[in-house]
Amino acid sequence: MAQIRDTDTQRTFFLRAHHTLGRDAERSDTVVSSPITSRIHVALEWDGDQWNARDLSKNGTWLGNKRLISNESTPIARGDKLHLGAPEMPALEVVDDGPPQSTLVGLNGSDSLELASFVFLPDQNEPEAVVIYSFHRRAWMVHPMEQDSPQHLERMLHHGDRVGYGGREWQVFLAETEQMTEISTAPESSLEDIEFVFHLSQDEENTALELKFSGHKLDLGERSHHYLLLHLARLRADQAASGYDSLTQGWIDNEQLKRDLGLEMPHINIMIFRARKQIAETLTTTLDSELLVERSKGRVRFGGSRFRIYKGAALTHSMPGQQAQKQ
Amino acid sequence: MTEGSMPDSEGKYSILRPLGRGGMGEVYLALDNRLQREVAIKYLRTDLTEDGDWHERMQHEALLLARLNHPNIVQIYDFFEAGEAPALVMEYVRGRNLRIYLREHRAELADKLRWLSEISAGLAASHDAGVVHCDLKAENVLINAEGSAKVTDFGIASHSGDRADDVAALGVLAQELLADNAAVVSPTVRDLLRRLSKRGALTAREAAAQWRHAWLEQTQSETPLPSQLRAQQRRGRRRATAALVAVLVVSAVVLAWQLRTPAKAQAVAILPPVMRDPGQLSERQQQILESAVAQSLQEAVLGSQRLSLVGMTEVDTVQGSAAEKLVALGADILIASQVKCSGTVCDLDLQRLEKPSGQVTSYRKVSVIADSPLGTHEAVSRQWTYLFPGQTTANNGAGALDEADYLKYTELNLAAQQFSRSSRSILAAVESLLRARRDFAPLYYLYAQVALDTYEEMGDPMYLDRLERTLELADPALARSLFLRRSRFRLDLYRGDYQAAREVIRELEQEGADDALVAYLTGEWHGAQDQFRAAGESFARAAALQPSMQYLYAQARNQYWNGQPDAALATLDGLLKRYEYNTHALGLRAVILLEQGKLAAAEQALRLSLDIQPNPLVRANLGMVYLLMRNYPAAREQFLEAYDADSRDSVVLLNLADTEQLLGNVERGRELYRQLVARYSEGDPSVITTVAAQAYAQLGQFEEAMATLKKISLAREQASSPAVSAALVYTLAGQHLVALVEVDRALEAGVSGVMFDLPFFDPLCTEVRFRELMSEHDRDGRCEQLPGATATAGIATEKR
């Protein structure tokens, strides 16, 4: 994770994929204020393989003792020292030249976390919120666990935002400065490509889940959050059999769900996010897992439309409808 | 990827280095081995090509795009299969995308509007060719080394969209781009943004025309340089008498009661505040803060009895150390200020620097809050007694204002300085503020400044009438302030009321006003009545007493009008040595050089002036230079822009018409001449007599042309420029002998032969006298080249 150290103040800062340094407090990513620094003095850019520096200033930028040619990219690497405005200015040293990485930077002693989908905050065990990348909004979102409809409280994370949960605090560091092309961020697979196969134990205590996906079988083992999915899937299959169409089948009120499972909403939400995380991480292609459990105005339903549920050896439910066969 | 030839491209291209990694794939700089030019090659992501449909579509669109050749689209040159994935060979654009550009630079509103017009033009061209972009955004717009926008990554998105989607995306992009300028965009732009957000309301082509219009509107400046001088024309003298009475170009300051400026007032220059640390202030907040500080200091100087203020135009462009500035400005004292902000609270350092070495004799520090210009004003005013102990300063009525009004006033001041709003809109806004705040003196000042400058440019007496009515609102004590009296003086000169103007000078003299000022005003008074020699003496005296920008310029201009171009150039050189970036001086210098036929030097001077401040008048003069250099396309370009900026300008229109003729667009030229003639016959005061005469002549209406020529007063027949126009009229009318008289007269008066080196004067080549004259002035090339020209004296060839 690329980092620069200001040898004068000893402060370090992470680099964004396109990172500007200069006097302009509002517009530079890192403020370097000295009279000989230009408003935007130098830009550091990641080109996919390495970092490059480009001088944009009036007075010049030096790499070691060599002056950079204005507006031309020059590669920089770990150990290199940049001097802004004059060669004798205190150096800005490249202490790490790895790729830029979006991060939740820990404040007040909290640990930093790499920004990735399904990062639970403050931690996995007692999550109060979860961070997920939303494909259709092309932005990072944070979903609190508390409410019935997390949609209402979810918020977009912007570079520089502060986030705090469970007594810990982080500052959002988004490495990307550009809006990514629709193609590069669109998920490669969709829910329709997956068949969910549930195996419920006779006493309904354990639920195992398998995914059938482009000719592969992916075993997800037994997890507590599988039961929630199964419960919702079952309901959907039942309603489908009763004649509900694909838009209306499977919806259940949050209140009803809480009663069915004997759980409060935050716990239910945690399970939903854990399920999404597990599935998204197990697949080798990207998936927009938001649709795994669909939500709408105080109710939810299972988003998959291809699944089979076995209780013991018996197939009890399936979609699309197939004859349940006793085996 | 390794450097060298890619085997798949069959040795056609050599990869040089990577350019970056976009969402679509990797881009490399390569060399086209056959054509030996740099190109960019984009290798598209292999995973995206699994969808066979998409692959074919891509190919199809690449073929369509390859046929497109538009300056605002990144050109596609070639398309080949690099193993699994397709590769696109494109124009190599030196520069980054718009998103990055904006992160690295402060873009002016005018640039943003220009980019939007360029992007929409590219979009329109692609729509015409049947291609939809589908993914228009800042990351897909490149800004090249010349600062122009080029759209890239066309038609490559996974979904197919329709044109309305592109236009909608354009609207979104525009909103983003203009978000920072939301406060100053014109109603035109706001309306355009609104329409773009309504799906299907506009086509790309319509949007392009609208953005172009908005851009030209933005670059138009109605508060112009006083030098409206042109090569072939001198403005109707009534207008251009240019009493440059206003010392302060914009900062409006006022005196609550009459100012007695003793002959030995100390000259104080307020240096522009320096922002050492903007803290969290936005660009706009910084500007307002700096403006409030500068205004307050200036107001304090003018409100004091024993201090006189050095003009802002001088102060803005002077360079060097404190000691050097003191000398260049002719000042006794400098007030320097620095601002350091943390969050929105700022520390303001004020320093008083004295002659001769610029040492600091007084230093004050005060805290101000960025969002409170009125508070800033008050804080600064309180420091005055420390900077100038024992001196009081007048109250200008600011006590009656509230924060909102003061901010409005500050913004109007800024708008006038930056030409970001039209004069009409500024005047209207000041009038409305005045209705509520009749006592706030600076408003009158700003109003007078803008109204007079606009009159000087437009020639519309409406501005004088409005000014007069507004001045009537002022309290008599206020009206007796120095600045408003000087405004009154200017008003009187423009109206031709020389007696009233003389009265003003006499009063000021009696009250003991500064001698240099009195001399200067006297010079203006003489100049208005074409008494150039007397004017010259007065200006020389003023400049000797106080070598300020304004007085020196007045002297140079007078010398020019007095037919002493070399003396004028010498004075201007002296002026430019002190004030290197004075656009007025650069403009006048260019005009003189042009008339002397030094075209290259004139072009350089005008380009320099345009770099400092784009201005349609300067642009028109540059067009004239190109015209004379025979670079008709370049001339046309400049005239078109000047015309777009101010379509009422008759001289530009004439020049444009002439250029169209010379380019062979005869019908277009005639249409423009017809417009001029129509406006003239309706009594439009902005159409100058000589312009009208030429237009009539070009249309073949010779009687009207000559009748119009006669309207030019006798006194001006001595001047050179009308002679050039007259020569043209007579030439077109076939009256060669009379034409020759005019040519002679013009050349005698010092006009360069280059003026007659135009195809319009070709008919005169049949006359021996003409050929002789051209030969004397080293301009015989044209006549020699004409078919049927004979070298034998006296033999007339076929009349054209």
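Residues numbered from 1 in each chain as written. Chains lettered and ligands numbered in written order. Predicted model: local features only at pLDDT ≥ 70, side-chain atom pairs only at ≥ 80, totals over all residues. Heavy atoms only, no water.

An unreviewed UniProt entry lists chain B under the name Protein kinase domain-containing protein, from Mangrovimicrobium sediminis.

For chain A, the name recorded in an unreviewed UniProt entry is FHA domain-containing protein, with Mangrovimicrobium sediminis as its organism.

(A) Structural detail: the overall build of chain B. Within chain B, the regular secondary structure consists of 35 helices and 14 strands. Residue burial in chain B is summarised as follows: out of 800 residues, 58% are buried. Nonlocal contacts in chain B, meaning residues at least 24 apart in sequence, comprise 64% of its contacts between residues at least 6 apart. As displayed, chain B has an accessible area near 32300 Å², and 49% of this comes from carbon and sulfur atoms. (Helix = DSSP H or I, 4+ residues; strand = E, 2+ residues; numbered from the N terminus. Buried < 20%, exposed > 50% of the residue type's maximum accessible area, 1.4 Å probe, protein only. Contact = heavy atoms within 4.5 Å. Areas by Shrake-Rupley, 256 points an atom, 1.4 Å probe, with all protein chains shown as cover.)

(B) Structural detail: the sheet that holds strand β1 (residues 3-6) of chain A. In spatial order, the strands read β2-β1-β11-β10-β7-β8 (chain A); together these 6 strands make up an open sheet with antiparallel pairing. Only two strands of the sheet have a single partner each, and these edge strands are β2 (12-14) and β8 (66-67) of chain A. (Pairing = 2+ DSSP bridges.)

(C) Up close: the packing of aromatic side chains. All names here are of chain A. All told, the structure shown has 17 aromatic pairs over all chains when counted by the stated rule. Residues Trp46 and Trp51 carry aromatic rings whose centres are separated by 5.4 Å and whose planes lie at 55° to one another, so their mutual orientation is tilted. On the basis of relative accessibility, which here comes to 22%, the residue Trp46 falls in the partly exposed class. Centroid distance Tyr133 to Trp140: 5.2 Å. Interplanar angle 70°. Geometry classified as edge-to-face. Trp140 matches Tyr133 in its accessibility class, with the two residues each being buried. Taken together, the ring pairs connect Phe196, Phe198, Phe302 and Phe307 into an aromatic cluster. (Phe/Tyr/Trp six-rings, centres within 6.5 Å; stacked < 30°, edge-to-face > 60°.)

(D) Focus on the confidence of the model for chain A. Looking at chain A as a whole, its pLDDT mean stands at 87, while 94% of the residues score no less than 70. pLDDT under 50 marks residues 322-327 of chain A. Its contacts with residues more than four places away, or in other chains, come to 6 contacts. (pLDDT = per-residue confidence, 0-100.)

(E) Main features of unusual backbone geometry. Residues and elements named next belong to chain A. Of note, the bond from Leu121 into Pro122 is cis; its omega dihedral lies within 30 degrees of zero at -5°. Counting through the fold element by element, Pro122 comes out in the loop between β14 (119-121) and β15 (129-134). The step from Met319 to Pro320 runs through a cis peptide bond, and the omega angle for that step is -10°. Summarising the element assignment, Pro320 is placed in the segment after β27 (314-319).

(F) View of the pattern of salt bridges. Residue and element names in this part refer to chain B. Across all of its chains, the model carries 55 salt bridges over all chains by this definition. Measuring nitrogen to oxygen at the nearest pair gives 3.0 Å for the salt bridge that ties Asp111 to Arg114. Taken as a pair, Asp111 and Arg114 lie in helix α3 (residues 109-128) at a separation of 3 residues, close to a single helical turn. Overall, the relative accessible area of 25% leaves Asp111 in the partly exposed class. With a closest N to O distance of 2.6 Å, Asp465 and Arg495 form a salt bridge. Here the residue Asp465 occupies a position in helix α15 (residues 462-473), and Arg495 occupies one in helix α17 (residues 482-495), the gap between them amounting to 30 residues. In this structure Asp465 comes out as partly exposed when scored by relative accessible area, which is 35%. Each of Asp465, Glu468, Arg488, Asp492 and Arg495 takes part in a single network of salt bridges with overlapping partners. (Salt bridge = Lys/Arg side-chain N within 4 Å of Asp/Glu carboxyl O.)

(G) Layout of the confidence of the model for chain B. Residue and element names in this part refer to chain B. The share of residues in chain B with pLDDT of 70 or more is 81%, and the mean pLDDT across the chain is 78. Taken together, the stretch residues 713-720 has pLDDT below 50 and engages in 10 contacts with residues farther than four places along the chain or on a different chain. Every residue in residues 789-800 scores below 50 in pLDDT, and together they form 15 contacts with partners more than four places removed in sequence or on other chains.

(H) Structural detail: the nonpolar core. Residues and elements named next belong to chain B. Counting residues in each nonpolar core, the largest one holds 124 residues, and the members touching the most others are Leu329, Phe756 and Phe770. Built from parts of two domains, this core gets at least three residues from each of domain 3 (258-393) and domain 4 (690-800). Those residues in contact with Phe770, other than ones at most four positions away along the chain, are Leu740, Val743, Phe756, Phe761, Leu764, Cys765 and Cys783. Among the nonpolar cores identified, the runner-up in size contains 51 residues, and Ile119, Leu123, Leu196 and Leu216 belong to it. (Core = buried A, V, L, I, M, F, W, Y, C linked by side-chain atoms within 4.5 Å. Domains from an automatic or database assignment.)

(I) Focus on the state of the cysteines. All names here are of chain B. Scanning the model with the defined rule gives 2 disulfides over all chains in all. The disulfide partner of Cys341 is Cys346, and the S-S distance across this bridge is 2.1 Å. Of note, the bridge from Cys341 to Cys346 carries an S-S torsion of about 105° and is right-handed in sense. Since its relative accessible area comes to 0%, Cys346 is described here as buried. Regarding the disulfides, chain B carries the connectivity 1-2, 3-4 under sequence-order numbering of its bonded cysteines. (Disulfide = S-S within 2.5 Å.)

(J) Examining the side chain of His225 of chain A more closely. All names here are of chain A. Among the structural elements, His225 can be located in helix α3 (residues 224-241). According to the relative accessible area criterion, His225 is buried, its value standing at 6%. Not counting residues within four places of it along the chain, the set of residues in contact with His225 comprises Met271, Arg274, Ala275 and Gln278.

(K) Region of interest: the packing of helix α18 (residues 498-510) of chain B against helix α19 (residues 515-528) of chain B. Residues and elements named next belong to chain B. Relative to each other, α18 and α19 sit at 170°, their axes nearing to 10 Å. With respect to α19, the axis of α18 lies roughly antiparallel. Contacts from Tyr498, Ala501, Arg502, Ile505, Leu508 and Glu509 of α18 reach α19 at Val518, Leu521, Thr522, Trp525 and Ala528. Class assignment for the residues of the contact of α18 with α19 results in 8 nonpolar, 1 polar and 2 charged. (Axes fitted to C-alpha atoms, helices over the stretch in contact; angles between N-to-C directions. Parallel < 35°, antiparallel > 145°, perpendicular 65-115°, else oblique. Nonpolar A, V, L, I, M, F, W, Y, C, P; charged D, E, K, R; others polar.)

(L) Quick look at α3 of chain B. All names here are of chain B. Between the first and last C-alpha of α3 there are 29 Å, a value that for 20 residues agrees with the 28 Å anticipated at 1.5 Å per step. Of all 20 residues in α3, 16 are buried; the element is thus mostly enclosed. One or two residues past the end of α3 sits Gly130, with phi positive at roughly 90°. (Expected span 1.5 Å × (residues − 1).)

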